[in-house]
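Here is how the chains run, residue by residue.
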Amino acid sequence: MRRRLLLLFIFVSTFLSAQDLTLKLWEYPLDVKEKHPELWVFKANEAKANGITVVVCPGGSYHHLGLVNEGREVADYLVDLGYNVCVLRYRVGMRLNHHPAMIEDLQRAVQMVRSESESWKIKSDHVGCMGFSAGGHLVTMAAVYSDNNFLEGRKEYIQNISVRPDFVCPIYPVVSMQDSLVHKKSRKNLLTNHSTEEERIALSMEEQIKEGLPPFFVLACKDDDVVDYRNSVALVEALREKNVPCRFHLFDRGGHGFGMLRTRSEETQNWGMLFDSWVTALLKR
């Protein structure tokens with residue numbers, strides 16, 4: 001037991017030591033028993049910095065968060081390429097949090113990043129969101145509902161700073177809340193077991209796509225045995241129907257939950273470079 005505790009302490013210390021900054025999202029206690037949501041900031045090396053910031057939302061079925069493979073490791077990879085990365089520890093179902101807690105946290109995070117653009121030496125119009133699995137649903141929701149002010153009434157809301165991401169990257173994402181495609185555990189944690197049909201439609205992202213959304217980079221694998229890849233297909237079809245710019249990578253092999261580095265498939269092992277090429281061309285670095 002002592003050895004396990006020592007290893008855990010070393011792991012946590014190593015994890016935290018690489019961060020440049022930890023920011024609390026909210027200034028006052030929340031309504032549920034939950035450690036305050038946080039934004040873990042990893043700044044790019046100045047020699048490589050491209051001015052682009054990626055807010056990363058790990059997955060975990062809206063129940064918990066995969067903070068290592070879909071958080072810290074993603075930050076390590078992107079920081080090395082010149083990105084600023086902010087890993088969002090958002091509220092989840094295991095602490096009795098449900099919609100709209102998650103989108104509140106992400107909208108707050110985007111505003112916080114933009115508010116620090118001058119001091120962090122980043123471009124306020126180069127702030128995007130990347131999410132994995134349930135986090136992919138969350139970042140899609142951030143784009144779809146960027147005109148909805150989920151922060152209204154909170155004293156931390158910053159007026160005149162947009163919550164709209166400049167680009168969105170759902171990676172092997174949860175998309176639909178409908179029975180035909182839904183990842184049931186994600187729906188349960190997002191909406192509880194007592195959701196209405198109206199709520200399920202409102203949070204089925206394939207049914208809410210509209211014109212004028214930011215560009216999307218979507219990635220999925222046909223052998224995903226956790227979230228049906230047809231979620232991504234439905235999302236991309238809806239994006240294309242509404243003329244939203246979209247880059248879609250659908251691989252035969254890769255599975256689910258591999259983050260940026262843990263893939264065992266040759267097809268997906270370099271997907272980070274595909275993202276880098278896409279977003280730098282998009283923003284004309």
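Rules of the game
Within each chain, residue numbers correspond to sequence positions counted from 1 in written order. Reporting of local features is limited, given that this is a predicted model, to residues whose pLDDT is at least 70; pairs of side-chain atoms are given and counted only at 80 or more, and all residues count toward the totals for whole chains, interfaces and linings. Heavy atoms throughout the structure, all of them, feed into the side-chain values; hydrogens and water do not. The patches reported here contain residues having more than 30% relative accessible area and no salt bridge. Joining distances are 9 Å for like charges and 5 Å for nonpolar side chains (Val, Leu, Ile, Met, Phe, Trp, Tyr). All accessible-area figures derive from a Shrake-Rupley calculation using a 1.4 Å probe, and residue coverage is judged against the displayed protein chains alone. The rule for a salt bridge is simple: a side-chain nitrogen of Lys or Arg has to be within 4 Å of a carboxyl oxygen of Asp or Glu. We score Asp and Glu as negative and Lys and Arg as positive, and we do not count His or the chain ends. All charge positions are set by atom: Lys at NZ, Arg at CZ, Asp at CG, Glu at CD. A run of H or I in DSSP becomes a helix once it reaches four residues, and a run of E becomes a strand once it reaches two; helices and strands are each numbered from the N terminus. Each residue gets a pLDDT score, which is the predictor's confidence in that residue and runs from 0 to 100. The contact rule is simple, with two residues in contact once any of their heavy atoms fall within 4.5 Å. Three exposure classes are used, based on accessible area relative to the maximum for each residue type with a 1.4 Å probe and protein chains only: buried under 20%, partly exposed in between, and exposed over 50%. Pairs of strands are assigned from DSSP output, requiring at least two bridges between the strands. When the strands point away from the viewer and the path from the first strand over the helix to the second turns clockwise, the crossover is right-handed. An axis is simply a line fitted to the C-alpha atoms; with a helix, the fit covers only the stretch in contact. Between two such axes, the angle follows the N-to-C directions and lies from 0 to 180 degrees. An angle below 35 degrees is read as roughly parallel, one above 145 as roughly antiparallel, one from 65 to 115 as roughly perpendicular, and any other as oblique. The handedness criterion is simple: a crossing whose near helix is rotated anticlockwise from the far helix by less than a right angle is left-handed, and one whose near helix is rotated clockwise is right-handed. Classes in brief: Ala, Val, Leu, Ile, Met, Phe, Trp, Tyr, Cys and Pro nonpolar; Asp, Glu, Lys and Arg charged; the others, Gly included, polar. Ring pairs are drawn from Phe, Tyr and Trp, using the six-membered ring of Trp, whenever the two centres fall within 6.5 Å, and their geometry is named by plane angle: stacked under 30 degrees, edge-to-face over 60, tilted for the rest. Two limits define a charge over a ring: the Lys NZ or Arg CZ must be within 6 Å of the ring centre, and within 35 degrees of the ring normal.

## Focus: a negative patch on the surface
A surface patch of like charges, here negative, comprises Asp223, Asp225, Glu266 and Glu267. Within the secondary structure, Glu266 is located in the loop between strand E8 (246-251) and helix H9 (271-283).

## A closer look at the confidence of the model for the protein
With 91% of its residues at a pLDDT of 70 or more, the protein has an overall mean of 91. In the predicted structure, residues 3-17 sits below a pLDDT of 50 and forms 5 contacts with residues beyond four places in sequence or in another chain.

## Topic: the pairing of strand E5 (residues 127-132)
Where burial is concerned, most of E5 is hidden: 6 out of the 6 residues are buried. Burial along E5 is two-sided: the face carrying Val127, Cys129 and Gly131 and the face carrying Gly128, Met130 and Phe132 are both buried. Two elements, strand E3 (residues 53-57) and E5, share 5 bridges in a ladder whose sense is parallel. Bridging across to E5, Val56 finds its partner in Met130. For E5 and strand E6 (residues 168-171), the ladder comprises 4 bridges, and the chain directions are parallel. Looking across to E6, one finds that Phe132 is bridged to Ile171. The handedness of the E5 to E6 crossover, carried by helix H5 (residues 134-144), is right-handed.

## Focus: the packing of helix H3 (residues 101-115) against H5
Close contact between H3 and H5 brings their axes to 10 Å; oriented N to C, the two are set at 65°. Classified by the interaxial angle, the pair formed by H3 and H5 is roughly perpendicular. In terms of crossing hand, the pair formed by H3 and H5 is right-handed. Where H3 approaches H5, its residues Met102, Ile103 and Leu106 are matched on the opposing element by Leu138, Val139, Met141 and Ala142. For the contact of H3 with H5, a count of residues per class yields 7 nonpolar, no polar and no charged.

## Notes on the sheet that holds E8
In spatial order, the strands read E1-E2-E4-E3-E5-E6-E7-E8; together these 8 strands make up an open sheet with mixed pairing. At either end of the open sheet lies a strand with only one pairing partner, and these are strand E1 (21-24) and E8. Each strand axis lies, on average, 15° off the axis of its neighbour in the sheet, ignoring direction. Most of the contacts of helix H2 (residues 68-81) go to strand E4 (residues 84-89), to which it runs at about 175°, and overall it touches strand E2 (38-42), E3, E4 and E5.

## Some thoughts on the packing of aromatic side chains
Aromatic rings in a pair are described by how distant their centres are and how their planes are angled relative to each other. Overall, the coordinates contain 12 aromatic pairs when judged by the stated rule. These aromatic residues form a ring-pair network of at least three members: Tyr83, Phe132, Phe167, Tyr172, Phe217, Phe258, Trp271, Phe275 and Trp278. The side chain of Arg108 reaches across the aromatic face of Trp26, ending 6.0 Å from its centre. Positioned over the ring face of Trp26 is Arg154, at 4.3 Å from the centre of the ring.

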